[in-house]
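The residues making up each chain are set out below.
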Amino acid sequence: MVKDVLLVIDVQNGLQEAVGFNELIDRINQRIDAYRHAQRPIIFIQHVDSELPYGSDDWQLAKALHRQSSDRVMLKYHSDSFFETGLADLLHHRKRSSVEVCGLQTEYCIDTAIRVGHDLGFKMAITHHLHTTFDGTLSAEQISRHHESIWNGSFAEVTNWQE
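Below or above, wherever it landed, is the structure these notes cover. Remember, predicted model here, so these are calculated numbers, not experimental data.

**Quick look at the nonpolar core**
Ile43 and Val101 are the most contacted members of the largest nonpolar core, which has 23 residues in total. Where this core is concerned, the elements lending two or more residues are strand S1 (5-9), strand S2 (42-47), helix H2 (87-93), strand S4 (98-104), helix H3 (106-119), strand S5 (123-132) and strand S6 (156-159). The residues contacting Ile43, other than those within four sequence positions of it, are Val5, Leu6, Leu7, Val8, Arg72, Met74, Leu87, Leu90 and Leu91. Counting residues in each nonpolar core, the second largest holds 21 residues, with Leu6, Phe21, Leu61 and Leu130 among its members.

Below you can see the structure in the form of structure tokens.
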């Protein structure tokens, strides 16, 4: 089931070492295709910072994404997709109340988008296996499971892949 809009967050070349990056793109592309079929908008969020400098190859969105020139791309300079980007105003103006997020990194930009979006009154949603991060103190899978258990029913609707 599709929501009012799909946010594809930080699927950029400089993050391609994240766990399951290429497989994530394949799954995100399936969601993008579903949103296109339902004639719902897709918004790509592109992070800019010292590790992903504007205009660099690392900053570029992954070429394998099913992005079209008509898709909106919004730049962000913070882990919060809503902070000084105009995203909330755009969604309110277009009367979009339910938002599905996907992309990178689970514990940073994905978590922040879900929590802030929820706080702003949007019905947030995420699908298991449509976000990832890097292995660290915890594995990417542990981080994902932990965050999904917090989000589900509190900040977002968490669905299973292909549900």
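**Points about helix H4 (residues 140-151)**
Counted at 1.5 Å a residue, the expected span for H4 with its 12 residues is 16 Å, and the 16 Å between its end C-alpha atoms agrees. Listed as buried for H4 are Ala140, Ile143, Ser144, His147, Glu148 and Trp151. Axial view of H4: buried residues confined to an arc of 125°, hence all on one face. At the exit of H4 stands Gly153, carrying a positive phi of roughly 85°.

**As for the sheet that holds S6**
Hydrogen bonds between backbone groups are what pair the strands of a sheet, and the pairing can be parallel or antiparallel. Here we have six strands laid out as an open sheet, ordered S3-S2-S1-S4-S5-S6, and parallel in their pairing. At either margin of the open sheet sits one strand with a lone partner, and together these are strand S3 (72-76) and S6. When strand polarity is set aside, the average angle formed by the axes of neighbouring strands in this sheet is 25°. When S5 meets S6, the two strands line up parallel, connected through four bridges. By the bridge assignment, Ala125 is partnered in S6 with Glu157. Helix H1 (residues 21-37) contacts S1, S2, S4 and S5 of the sheet and is inclined by roughly 145° relative to S5. On top of the sheet, H4 reaches S5 and S6; it is set at about 165° to S5, its chief contact.

**Brief notes about the pattern of salt bridges**
Overall, the coordinates contain six salt bridges when judged by the stated rule. The partner of Asp10 in a salt bridge is Lys76, and the shortest N-O contact between them spans 2.9 Å. With Asp10 in the loop between S1 and H1 and Lys76 in strand S3, this pair connects stretches of sequence that are 66 residues apart. No difference in accessibility class separates Asp10 from Lys76, as the two residues are buried. We note a salt bridge from Glu100 to Arg31, for which the minimum N-O separation is 2.7 Å. Of this pair, Glu100 sits in strand S4 while Arg31 sits in helix H1, and the two are 69 residues apart along the sequence. Of the two residues, Glu100 and Arg31, both sit in the buried class.

Definitions and cut-offs
Residues numbered from 1 in each chain as written. Predicted model: local features only at pLDDT ≥ 70, side-chain atom pairs only at ≥ 80, totals over all residues. Heavy atoms only, no water. Core = buried A, V, L, I, M, F, W, Y, C linked by side-chain atoms within 4.5 Å. Buried < 20%, exposed > 50% of the residue type's maximum accessible area, 1.4 Å probe, protein only. Helix = DSSP H or I, 4+ residues; strand = E, 2+ residues; numbered from the N terminus. Contact = heavy atoms within 4.5 Å. Expected span 1.5 Å × (residues − 1). Arc of directions from axis to C-beta. Pairing = 2+ DSSP bridges. Axes fitted to C-alpha atoms, helices over the stretch in contact; angles between N-to-C directions. Salt bridge = Lys/Arg side-chain N within 4 Å of Asp/Glu carboxyl O.

By themselves, these observations are geometric and do not establish any function.
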